[in-house]
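Residues per chain are reported as follows:
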Amino acid sequence: MTSSARLVVLSGPSGVGKSSVVDRIRSGYPDVHMSVSVTTRAPRPGEIDGVHYRFISRDDFERMIDDGHLLEWAEFAGNLYGTPAAPVAESVAQGRPVLMEIDLQGARQVRAQSGALGVEALLVFLAPPSWDVLVRRLEGRGTEDPAVIAARLETAQVELAAEGEFDVSVVNDDIDRAAGEIVALLNG
Ligand code: 5GP
């Protein structure tokens, strides 16, 4: 029996709740391979190295770029983020559904490259119920300083304007419902 892997790229503005939705999928749907990105950002409280991200130095990140180990990468609010290529390729080859939670720039790169992976990527946009909700969530997180919040809100406006580039929009008005909708898309 053969199965075809679904590669879902989940993007959306900072503060929309991508991590909460992804945490729900990680704990509730172990069959889904969650891609673990590398980043130069410092861990937030509660984030586990190797689970939420692999936290690495800028030198190590640049080496991964040079060695061709990243499927895509981008600079976001002063830090570098990237997707290691090998684990994604392995799951695709095994027919296991893969979920990548990355920014808009990364989503565009994956779309451009999905032919090389042998699987069509489905681009899913996680949208906030409203702009006000997004601002409140970003300010309420309390883990970033005001300059970082301002930069993230500015980027959020650009990201919201790109919603039309995505194949599907999922509104994050309820974490369980949004997670279920994404898993349904992964199972095609
Ligand atoms: P945060 O610092 O809030 O965890 O993530 C900041 C942004 O980076 C989010 O939009 C997140 O989706 C994005 N991001 C996380 N990992 C990756 C990655 O591997 N590649 C790209 N391009 N963006 C990523």
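It should be noted that the structure appears before, not after, this text.
Residues numbered from 1 in each chain as written. Predicted model: local features only at pLDDT ≥ 70, side-chain atom pairs only at ≥ 80, totals over all residues. Heavy atoms only, no water.

Visitor: Would you explain the environment of Gly118 in this entry?
Guide: Residue placement: Gly118 occurs in the loop between helix H4 (104-117) and strand E8 (121-127). For the pair Gly118 and Ala89, spaced 29 residues apart in sequence, the C-alpha to C-alpha distance is 8.8 Å. (Helix = DSSP H or I, 4+ residues; strand = E, 2+ residues; numbered from the N terminus.)

Visitor: I keep staring at the pairing of strand E1 (residues 7-11) and nothing clicks. Help me out?
Guide: The side chains of a regular strand alternate, residue by residue, between the two faces of the sheet. The element E1 is largely enclosed, with a buried count of 5 among its 5 residues. Burial of the side chains of E1 extends over both faces: Leu7, Val9 and Ser11 are buried on one face and Val8 and Leu10 on the other. In the sheet, E1 pairs with strand E7 (residues 98-101) via 4 bridges, with the strands oriented parallel. Across the sheet, Leu7 pairs through a bridge with Val98, a residue of E7. Pairing between E1 and E8: 5 bridges, direction parallel. Bridging from a neighbouring strand, Val9 pairs with Leu123 of E8. (Buried < 20%, exposed > 50% of the residue type's maximum accessible area, 1.4 Å probe, protein only. Pairing = 2+ DSSP bridges.)

Visitor: Sorry if this is basic, but what is going on with the layout of surface pockets here?
Guide: Unfilled space is identified by rolling a water-sized probe across the atoms. As a volume, the largest pocket reaches approximately 890 Å³. Taken together, 40 residues make up the lining of the largest pocket; nearest its centre are Lys18, Ser19, Arg44, Tyr53 and Glu101. Top contributing element to the lining of the largest pocket by residue count: helix H1 (residues 18-28), with 6 residues. (1 Å grid on protein atoms, 1.4 Å probe; cavity = no way out; pocket = protein on both sides within 12 Å on 5 of 7 lines; lining within 4 Å. Points joined across faces, edges and corners; volume = space filled by probe spheres on them.)

Visitor: When you look at the site of the ligand in this model, what are you seeing that I'm missing?
Guide: The full set close to the ligand counts 16 residues, and Ser37, Arg41, Tyr53, Tyr81 and Glu101 are the nearest of them. Within the side chain of Tyr81, a nitrogen or oxygen atom sits 2.5 Å from an oxygen atom of the ligand. At 2.9 Å from an oxygen atom of the ligand is found a side-chain nitrogen or oxygen belonging to Arg152. Protein chains shield 97% of the accessible area of the ligand, which is 510 Å² for the free molecule. Judged by its atoms lying within 2 Å of the grid points, the ligand is housed in the largest pocket. Counting residues per element, the ones that place at least two in the shell around the ligand are strand E5 (70-76) and strand E6 (79-84). For the shell around the ligand, the residue count by class is 5 nonpolar, 4 polar and 7 charged. (Near = heavy atom within 4 Å. Polar contact = N/O pair within 3.5 Å; in protein donor to acceptor, adjacent residues only side chain to side chain. Areas by Shrake-Rupley, 256 points an atom, 1.4 Å probe, with all protein chains shown as cover. Sits in = over half its atoms within 2 Å of the grid points. Nonpolar A, V, L, I, M, F, W, Y, C, P; charged D, E, K, R; others polar.)

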